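These are the residues of each chain, in order.
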Amino acid sequence: MIEQHPIEGEIVESIEEAAEGTAGLPAQTLPTTVHILPMTDKPFFPAQTLPLVMNQGPWMESVKQIGDTPHRLVGLVMVHGDQSDDAKPEDFYHMGTLVRMHHPMHSDGKIQFIAEGITRFKVVEWISGKPPYVARVEYPQQSPRQNHSEEVKAYALAIINAIKELLPLNPLYSEELKFFLNRFSPNEPALLTDFAASLTTAPKAKLQEVLDAVNLRRRMEKVLVLIKKELEVAKLQSQIQEKVEEKMTQQQREFFLREQLRAIQKELGIAKDDRTADLELYKERVKKLKLPEHADKKIGDEMTKLSGLEHGSPEYTVTRNYLDWLTSLPWGKHTKDKLNLERARKILDHDHDGLDDVKERIVEFLAVGALKGEVAGSILLLVGPPGVGKTSIGRSVANALGRKFYRFSVGGMRDEAEIKGHRRTYIGAMPGKFIQAIKEVESENPVIMLDEVDKIGASYQGDPASALLEVLDPEQNAEFLDHYLDVRFDLSKTLFICTANQLDTIPGPLLDRMETIRLSGYLTEEKLAIAKHHLWPKQLKKAGLTRGQANITDGAIRRIIDGYAREAGVRQLEQNLGKVIRKAAVRIVRNEATKVHVTASDLETLLDQPAYVREKPQTGIGVVTGLAWTALGGATLTIEATKVHTLNRGFKLTGKLGEVMKESAEIAYSYISSHLKAYRGDPKFFDAAFVHLHVPEGATPKDGPSAGITMATALLSLARNDKIGRPLAMTGELTLTGQVLAIGGVREKVIAAKQVGIHELILPEQNRPDFERLPDYVKDGIEAHFVRHYKDVARIVFDA
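Residues numbered from 1 in each chain as written. Predicted model: local features only at pLDDT ≥ 70, side-chain atom pairs only at ≥ 80, totals over all residues. Heavy atoms only, no water.

1. Section: the environment of Asp-82
Step number 1: With respect to the helices, strands and loops of the structure, Asp-82 is situated in the loop between β4 (73–78) and β5 (95–107).
Step number 2: Between the alpha carbons of Asp-82 and Met-39 there is a distance of 9.1 Å; along the sequence they are 43 residues apart.
Step number 3: If we skip the residues at most four places from it in the chain, Asp-82 touches Thr-40 and Lys-204. (Helix = DSSP H or I, 4+ residues; strand = E, 2+ residues; numbered from the N terminus. Contact = heavy atoms within 4.5 Å.)

2. Notes on the packing of aromatic side chains
Step number 1: A full pass over the atoms with the stated rule returns 17 aromatic pairs.
Step number 2: Measuring from ring centre to ring centre gives 6.3 Å for Tyr-671 and Tyr-679, while their planes differ by 50°; the resulting arrangement is tilted.
Step number 3: You can call Tyr-671 buried: its relative accessible area is 1%.
Step number 4: Judged by its relative accessible area of 5%, Tyr-679 falls in the buried class.
Step number 5: What links up through ring pairs into an aromatic cluster is the set Trp-59, Phe-92, Trp-126 and Tyr-133.
Step number 6: The side chain of Arg-424 reaches across the aromatic face of Tyr-322, ending 3.7 Å from its centre.
Step number 7: Directly above the aromatic system of Trp-325 lies the positively charged group of Lys-439, at a separation of 4.0 Å from the ring centroid. (Phe/Tyr/Trp six-rings, centres within 6.5 Å; stacked < 30°, edge-to-face > 60°. Buried < 20%, exposed > 50% of the residue type's maximum accessible area, 1.4 Å probe, protein only. Lys NZ or Arg CZ within 6 Å of the ring centre and 35° of its normal.)

3. Some words on the packing of helix α25 (residues 708–720) against helix α29 (residues 790–798)
Step number 1: It is at 11 Å that the axes of α25 and α29 come closest, and there the two elements cross at 55°. Between α25 and α29, the angle falls in the class oblique. You can see that α25 and α29 cross each other, and the crossing is right-handed. On the side of α25, the interface is formed by Ile-709, Ala-712, Thr-713, Leu-716, Ser-717 and Arg-720, while α29 contributes Tyr-790, Val-793, Ala-794, Val-797 and Phe-798.
Step number 2: Looking at the contact of α25 with α29 residue by residue, the class counts come to 8 nonpolar, 2 polar and 1 charged. (Axes fitted to C-alpha atoms, helices over the stretch in contact; angles between N-to-C directions. Parallel < 35°, antiparallel > 145°, perpendicular 65-115°, else oblique. Left-handed = near helix turned anticlockwise from the far one by under 90°. Nonpolar A, V, L, I, M, F, W, Y, C, P; charged D, E, K, R; others polar.)

4. Structural notes on the pattern of salt bridges
Step number 1: A complete count under the given rule lists 33 salt bridges for this structure.
Step number 2: Of the charged contacts, one joins Lys-222 and Glu-209 as a salt bridge, the two residues approaching to 3.6 Å between their closest N and O atoms. Of this pair, Lys-222 sits in helix α8 (residues 216–268) while Glu-209 sits in helix α7 (residues 204–212), and the two are 13 residues apart along the sequence.
Step number 3: Residue class for Glu-209 comes out partly exposed when judged on its relative accessible area of 36%. (Salt bridge = Lys/Arg side-chain N within 4 Å of Asp/Glu carboxyl O.)

5. With respect to the packing of helix α12 (residues 341–351) against helix α14 (residues 390–401)
Step number 1: Taken N-terminus to C-terminus, the directions of α12 and α14 make an angle of 150°; their axes are 9 Å apart at the nearest point. For the crossing formed where α12 meets α14, the hand is right-handed. Residues Arg-343, Ala-344, Ile-347, Leu-348 and Asp-351 of α12 form the contact with α14, whose own contacting residues are Ser-396, Asn-399 and Ala-400.
Step number 2: Across the contact of α12 with α14, the residue classes break down as 4 nonpolar, 2 polar and 2 charged.

6. Here's the deal with the sheet that holds strand β10 (residues 447–451)
Adjacent strands of a sheet pair through backbone hydrogen bonds, lying either parallel or antiparallel.
Step number 1: If you trace the 5 strands from one edge of the open sheet to the other, you get β9-β10-β13-β8-β14, paired in parallel fashion. Every other strand in the sheet has two partners, leaving β9 (405–409) and β14 (515–518) as the edge strands with one partner each. Between one strand axis and the next, the sheet turns by 20° as a mean value, whatever way the strands run.
Step number 2: In terms of strand pairing, strand β8 (residues 379–383) meets β14 through 4 bridges, oriented parallel. When the sheet's bridge partners are listed, Leu-380 is paired in β14 with Glu-515.
Step number 3: Across the face of the sheet, helix α16 (residues 433–441) comes into contact with β9, β10 and β13 (495–500) while running at roughly 150° to β9. (Pairing = 2+ DSSP bridges.)

7. Side note on the environment of Ala-794
Step number 1: Along the polypeptide, Ala-794 turns up in helix α29.
Step number 2: You can call Ala-794 buried: its relative accessible area is 1%.
Step number 3: Taking the C-alpha atoms as reference, Ala-794 lies 98 Å from Ser-238; in sequence the two are 556 residues apart.

8. Points about a nonpolar patch on the surface
Step number 1: On the surface, Leu-236, Ile-240, Val-244 and Met-248 cluster together into a nonpolar patch covering about 370 Å² of accessible area.
Step number 2: Mapped onto the elements of the fold, Leu-236 is located in helix α8. (Patch = residues over 30% accessible without salt bridge, like charges linked within 9 Å, V, L, I, M, F, W, Y side chains within 5 Å. Areas by Shrake-Rupley, 256 points an atom, 1.4 Å probe, with all protein chains shown as cover.)

9. What to know about the pairing of strand β24 (residues 760–764)
Step number 1: Counting buried residues in β24 gives 5 out of 5 residues, a clear majority hidden from the surface.
Step number 2: Here β24 shows no split at all, with Glu-760, Ile-762 and Pro-764 on one side and Leu-761 and Leu-763 on the other all buried.
Step number 3: In the sheet, strand β21 (residues 729–730) pairs with β24 via 2 bridges, with the strands oriented parallel. Of the residues in β24, the one forming a bridge with Met-730 is Ile-762.
Step number 4: Summarising the sheet, β24 and strand β25 (residues 783–787) pair through 5 bridges and their orientation is parallel. In the strand pairing of β25, Leu-763 is matched with Phe-786.

10. Observations concerning the nonpolar core
Step number 1: Grouped together as the largest cluster of nonpolar side chains are 54 residues, with contacts concentrated most on Ile-560 and Leu-573.
Step number 2: Top contributing element to this core by residue count: helix α21 (residues 571–589), with 7 residues.
Step number 3: Not counting residues within four places of it along the chain, the set of residues in contact with Leu-573 comprises Lys-527, Ala-531, Leu-535, Ile-560, Ile-561, Ala-565 and Glu-567.
Step number 4: Ranked by size, the runner-up nonpolar core spans 53 residues in total, among them Phe-434, Ala-465, Phe-489 and Phe-496. (Core = buried A, V, L, I, M, F, W, Y, C linked by side-chain atoms within 4.5 Å.)

11. Brief notes about a negative patch on the surface
Step number 1: Together, Glu-659, Glu-663, Glu-666 and Asp-703 give the surface a local cluster of negative charge.
Step number 2: Position of Glu-659 among the secondary structure elements: in helix α23 (residues 659–674).
Step number 3: Note on Glu-659: relative accessible area 54%, which makes it exposed. (Lys, Arg positive; Asp, Glu negative; His and termini not counted. Charge placed at Lys NZ, Arg CZ, Asp CG, Glu CD.)

12. Brief notes about the confidence of the model for the protein
Reading predicted coordinates in detail is not appropriate for stretches of low pLDDT.
Step number 1: Within the protein, residue pLDDT values average 83, and 91% of them lie at 70 or more.
Step number 2: By mean pLDDT, strand β1 (residues 5–6) is the weakest element of the protein at 36, and β24 is the strongest at 94.
Step number 3: Note on residues 1–27: pLDDT under 50 across the span, and 43 contacts to partners over four residues away in sequence or across chains. (pLDDT = per-residue confidence, 0-100.)

13. Some thoughts on the side chain of His-785
Step number 1: By the element assignment, His-785 lies in strand β25.
Step number 2: Reaching out from His-785, the side chain makes a polar contact with the side chain of Glu-783 at a distance of 3.5 Å. (Polar contact = N/O pair within 3.5 Å; in protein donor to acceptor, adjacent residues only side chain to side chain.)

14. Digging into unusual backbone geometry
Step number 1: In the segment running from Pro-131 into Pro-132, the intervening peptide bond is cis, with an omega of -5°.
Step number 2: With respect to the element layout, Pro-132 can be found in the loop between β6 (110–126) and β7 (133–138).
Step number 3: At Arg-72, a position not held by glycine, the phi torsion is positive, near 55°.
Step number 4: Here Arg-72 shows up in the loop between α2 (56–68) and β4.
Step number 5: A residue is classified by how much of its surface remains accessible, and Arg-72, at 22% relative accessible area, is partly exposed.

Here it is as structure tokens:
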């Protein structure tokens, strides 16, 4: 309960008593110095009588001093900001309203009083610069004649009519109008104008302009605009309210009608409750399926269970969702395979340029399926650098077979439940990705593509790679058990195609279940064909251009391939073609050209400087070119060896080499040191020489044993003081006895050598079958030497 304490000198009188004869005090009885209190929300008008509340702290002393005056008059002036407690004289507006204070009281740190508006005043001079504020004021006078002019009467009638329109829209206006008419006559245009302004919700700056307007006609103009705006807002609010009420009334009407219909149907015996409707829906679905015995029994048990559950119970929702999944799966539904090999090859050729060896391998795979009558129980793994078309080949295989296609990525997947589903005991449980895929494609034998299988993760929630073992095993996936379904589902007819950039991170047991098909990088001619037939038309369509508006020469595409997109795949090539087309689109939109023809000479303007510059392989004493394989394709690797000094024997390695590559370098150093005489070098060279071997691009990590013969050749070149006199590259693992062992990535390395203009290669003899299997267009122009022992390398390179 709030206790109200009357302030000393409090005037105990009602507003009605105070209103008698105070509204029209003559100007000579009004004080010339008054106390000032601030207003923040909106100005106070002479025609208003309202209760006001303000903070007790800064204004208590002001209210006490006002109570001590015989007239209890105070000036209310609006301040510029939103805070009034720390207002300074310069924060106040110049025009305010003189009011009489009634019934001041305070409680809980607040002061409340009733303010009765009397007249306008203008602050002439501030007598005190801090609270309690006192100012000298003057009262602007309005000519009595102006009040009775025809123009003023017309404005007054317009304001009265606007107020009449407002009254039905908001009942609050009626109460305020009654209070106004009890105090004033509607024939007083000045007070009527101020009252009309106080009704509006206009911004305080606009209302202050009304208070500042001493000229009555000008003031009435401003108020009429404000009250018309208020009328528009009130009408809009009324329309919105009517629409809401109409909508709610319609919804209530529909609800009652629906309830009546349900009651009538129940009386006639034709009503179905939600549970009955659900059961009939599932029975209809089951009739269209060829369910195995165990699934049919499970669905029957769950429907019996559902029929005994209350509709509103949580168990009912769980069982209904479970039945929804069970009856939505395509039990016994298959698409017929199209095993026409010629048609399959045409689709593959249409969708992809190059990759002839991969296409042949896929056609062989389909041929086996044609003999069996179906392609089932197969898991393919497409391995290759980014951008070589692994995902699109999977889609083409689905098109060739006439099967449904579903793709999802397992890269970064860490939860086993993504594969095998959640148990139904968990809230929000769902089946795994494979069951979701089967439901979406509505077929038991789709092509499901698992992208980025080499980037699958593991966490405390399980090991998804291990969960995949059951899915990708033809002997087990015929009875795949999803944790959510808890019913075995046959995935053996599904064709799984996985993609990966490398094999190293794929677990051995998982890799063992898949048939690997390697996709290497593209040669320049293949990239040119891909750009002309696929990438350029695709980018034109994306930009909304036609071939007639933008075209590019073969020379320009070759220049982009060599200078801007030298990666194994074609993604950078596509991105650069997209840049060219966007620049062409800008020229066409700006009407600088109607047709853009791009040539090789335009590329530096359109794409800036080339990212790659064709460099000749380095030559010199101790400098040898090797071949490397990366996840992005093949690359050439220059190895440099030099003698630092002859003060002591030593061997130093740099170039951010991995442990295996460091060991290969030490093996090469040991082998060449011990056999230097046999290769016509100074046997004492390494006894007194400190040798430094470096692999350039020191920020790039390098590892692997395949640079063994390359490092040995660099050391032999240094010891013999003899350089290799022709473009030559080599790769092979070296042992301490000089044996040259097999390496991987032969195709990628051959392509990398051709790209830099090297056509003579040294490869391990064990890799001869890999080289022979390469397509003719890759082997064309390549002179390959196959070696078993390092002495064969020395004979080819130095004739030693």
